[in-house]
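Letter by letter, the chains look like this.
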Amino acid sequence: MKAEEILWGAVTLIILYLAWKTIAPLLSAIFFAAILAYAVLPLHKRLTKRTDNKKSALIFTILLIGLSSIVTVELVLIIKNLIVSFYGDIMTFISWSLTLELPFGISGALQSLYSQLTPKLTEYVQSYVFSIPEYLLQLVIFLATFYTFLVNSDEIKKQIYALIPGGHEDLGKKLLKRADVTLQALIRAWLLLNIAKGILMTLGFWGFGITDLPTALLAGLLTILFSFIPLFEGWMIWLVAAIFLLKQGDVLKAIAISIYGAVLVSPLPDFTIRPKLVAKEAKLDEIMVLIGMIGGVWAFGVKGLIIGPIVLNLVSALLKEWKRIKAQQS
C-alpha cells in the first residue's frame, strides 16, 4: 500500500511540475487578465441584466481587442523608433571615433571593443523583432483568459469559497474580504492616477509648446493607455518627447519635459501618490503599501505591484486574528 501511495505521489508531483512548466511562460498574461476581469466585473454584471452572460463578456472582450490593438501598434512603433534611433546614434559615434588619431594604441583598443560591441547591438535589435510574435501570443492568451474569467466569474467565486478548509470558514472569508478590499483599492488608485497622468501630460506637451493641443491630447491619451501596462507606464511618452527635442537642438525644453514628466507623471507619483491612495482606500499604512509594491516587484516582477500589498494586508489580517484568539484564550 505504501509503495502504491509513493508511486501515485510521484506521478502527481510530475504532473504538477509539468503543468507549472506549461503555464509559467504565460503566467503574466493570465494574471493580468484575471485582474482586468475583476476590475470590469461590476460593469459586466450590470450589462448581464440587459443581455446574457456570454454576450456581455464578448462585448467587453471586443472592446478590449480594439483597445489593445491601438496600444500594441503604438507601442511597437515607439519602441522601434527608440531602438532604431539609439542604434543609429551608437553607430554614428563609433564611425566618428574611429576617424580620430588617438595615442598609446587607444585606436586599436577601440576597434577591438567595437568589433565585439557591434554584433551585440545587432543581436539586441534582432531579439526585439523576434519578440513581437511572442508578445502577440501572450496577447491572445490574455484576451482568451479575460473572456473565460468573465463568463465563469460566478463559478470561480464558488470554487474559491469551496477551497476554504472546514472549521475555518470565518477566517477564510475575512482573508478573502481583505484581499478584495486591497485589490479594489489598487484598481481605483491605478485608474484615478492614470487619468491624472494623462491630463498632466497633455498640459505638459501643450504648456511647454512641444506640440499643438490636438497632438497634446493624443499624448495624454497614450499616457493613460500605457500607464495600464506595467513596466512601460507614462514615462515612455515624455522620454520620446525629450529625445525628439534633443534632436531638434532644444536642450532646455528636453530637460524641462523630462523633469516635469518624471516628477508629475512617472515614475515618482507611482512611489508617492499611489501608495497614499491605496493606503487610504484599504485602510493600510502607507509604508506597508510602499514596501509591498517595491518588494513585490523585486520578488515577482511587475505582478508584484498587485501581489505585494495584498500579501502584506493578508499578513496583517492573520496577525489580528491570532491576537484575537490569544485574547480569548487568556
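Values in this document were obtained by computation on a predicted structure and should not be read as measured data.

(A) Quick look at the side chain of Thr145. Mapped onto the elements of the fold, Thr145 is located in helix α4 (residues 106–151). Not counting residues up to four positions away in its chain, the partners in contact with Thr145 are Ile30 and Ala33.

(B) Quick peek at the packing of helix α6 (residues 169–207) against helix α12 (residues 304–329). Relative orientation of the contacting elements α6 and α12 amounts to 145°, with a least axis distance of 9 Å. Viewed along their axes, α6 and α12 form a crossing whose handedness is right-handed. In this structure, α6 uses Leu171, Lys174, Leu175, Arg178, Ala179, Thr182, Leu183, Leu186 and Trp190 to contact α12, whose residues at the interface are Leu305, Ile306, Pro309, Ile310, Asn313, Leu314, Ser316, Ala317, Leu318, Lys320, Glu321 and Arg324. Split by residue class, the contact of α6 with α12 holds 13 nonpolar, three polar and five charged.

(C) Summary view of the nonpolar core. Within the largest apolar cluster, 31 residues are counted, with the highest numbers of intra-cluster contacts made by Phe142, Phe146, Leu150, Val278 and Ile306. When contributions to this core are tallied by element, the ones reaching two or more residues are α2 (27–48), α3 (53–98), α4, α6, α10 (268–282), α11 (286–300) and α12. With seven residues, the top contributor of residues to this core is α2. Two domains each put at least three residues into this core: domain 1 (9–162) and domain 2 (167–327). Excluding residues within four positions of it along the chain, Leu150 makes contact with Ala37, Val40, Leu41, His44, Asn53, Ala57 and Phe60.

(D) Inspection of the side chain of Asn194 at higher detail. Its place among the elements puts Asn194 in helix α6. Those residues in contact with Asn194, other than ones at most four positions away along the chain, are Ile224, Ser227, Phe228 and Arg274.

(E) Region of the structure containing the pattern of salt bridges. As enumerated under the stated definition, the model contains three salt bridges in all. Between Asp270 and Lys197 there is a salt bridge; the shortest N-O distance is 2.7 Å. A residue pair is termed long-range when its members are at least 10 positions apart, and Asp270 in helix α10 and Lys197 in helix α6 qualify at 73 residues. Take Asp270: its relative accessible area is 8%, and that puts it in the buried class.

(F) Local environment of the packing of aromatic side chains. This model, assessed by the stated rule, comprises two aromatic pairs. Their ring planes at 80° and their centres at 5.2 Å tell us that Phe31 and Phe32 sit as a pair that is edge-to-face. For the pair Phe31 and Phe32, a shared accessibility class is recorded, and that class is buried. Judged by centre distance (5.5 Å) and plane angle (80°), the ring pair of Phe208 and Tyr260 falls under edge-to-face. One end of the pair, Phe208, is in the loop between α6 and α7 (213–227); the other, Tyr260, is in helix α9 (residues 251–264), with 52 residues separating them in the sequence. When its relative accessible area of 17% is taken as the criterion, Tyr260 is described as buried.

Conventions we followed
Residues numbered from 1 in each chain as written. Predicted model: local features only at pLDDT ≥ 70, side-chain atom pairs only at ≥ 80, totals over all residues. Heavy atoms only, no water. Helix = DSSP H or I, 4+ residues; strand = E, 2+ residues; numbered from the N terminus. Contact = heavy atoms within 4.5 Å. Axes fitted to C-alpha atoms, helices over the stretch in contact; angles between N-to-C directions. Left-handed = near helix turned anticlockwise from the far one by under 90°. Nonpolar A, V, L, I, M, F, W, Y, C, P; charged D, E, K, R; others polar. Core = buried A, V, L, I, M, F, W, Y, C linked by side-chain atoms within 4.5 Å. Buried < 20%, exposed > 50% of the residue type's maximum accessible area, 1.4 Å probe, protein only. Domains from an automatic or database assignment. Salt bridge = Lys/Arg side-chain N within 4 Å of Asp/Glu carboxyl O. Phe/Tyr/Trp six-rings, centres within 6.5 Å; stacked < 30°, edge-to-face > 60°.

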